[in-house]
Amino acid sequence: MRSLIRYCGKCHIYTLEETCPQCGGPTAMAVPPKFTPNDRFQKYRIKMRNETDGKNSN
Ligand SMILES: [Zn+2]
């Protein structure tokens, strides 16, 4: 249970508690921030890296 990350939709914060430390409301399970689709540049970074690797290996 140590790696469960939870999220408060009210405060928009991540916490490990089942209740939000800020508003005291219930939190929902969430994925780690680095895996959120909000990182719209991540796919471009991966694409650039793949292209670079392809050139290097050729
Ligand atoms: Zn909250």
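For the structure itself, consult the block above.
Every residue gets a number counted from 1 within its own chain, in the order that chain's sequence is written. The model is predicted, so local features are restricted to residues of pLDDT at least 70 and side-chain atom pairs to those at 80 or more, both for listing and for counting; the totals for chains, interfaces and linings are taken over all residues.

Looking at the overall build of the protein chain
Strands here mean DSSP runs of E at least two residues long; helices mean DSSP runs of H or I at least four residues long; both are numbered from the N terminus. A count of helical and extended segments in the protein chain gives 1 helix and 3 strands. Counting all 58 residues of the protein chain, 3% fall into the buried class. Taking as baseline every contact in the protein chain between residues at least 6 positions apart, the subset at least 24 positions apart corresponds to 9%. Residue burial here comes from a neighbour count, namely the number of other C-beta atoms, placed from the backbone, that lie within 10 Å of the residue's own C-beta, with 20 or more meaning buried, 12 or fewer meaning exposed, and in between meaning partly exposed. Contact between two residues is assigned when their C-beta atoms, built from the backbone, lie within 7 Å.

Concerning the environment of I13
In this fold, I13 is placed in strand β2 (residues 13–15). A tally of 14 C-beta atoms within 10 Å means that I13 is categorised as partly exposed. Remark: the alpha-carbon pair of I13 and T27, spanning 14 residues in sequence, is separated by 9.5 Å. Excluding its chain neighbours within four sequence positions, the residues that come into contact with I13 are C8 and Q22.

Considering the sheet that holds β2
Paired through their backbone hydrogen bonds, the strands of a sheet run either parallel or antiparallel. Here the rule is simple: two strands pair whenever DSSP picks up at least two bridges between them. What the 3 strands build is an open sheet, ordered β2-β1-β3; its pairing is antiparallel. With one partner strand each, in any of the chains shown, β2 and β3 (28–29) form the two edges of the open sheet. Bridging between strand β1 (residues 6–8) and β2 involves 3 bridges; their strand directions are antiparallel. The residue of β2 that forms the bridge with C8 is I13.

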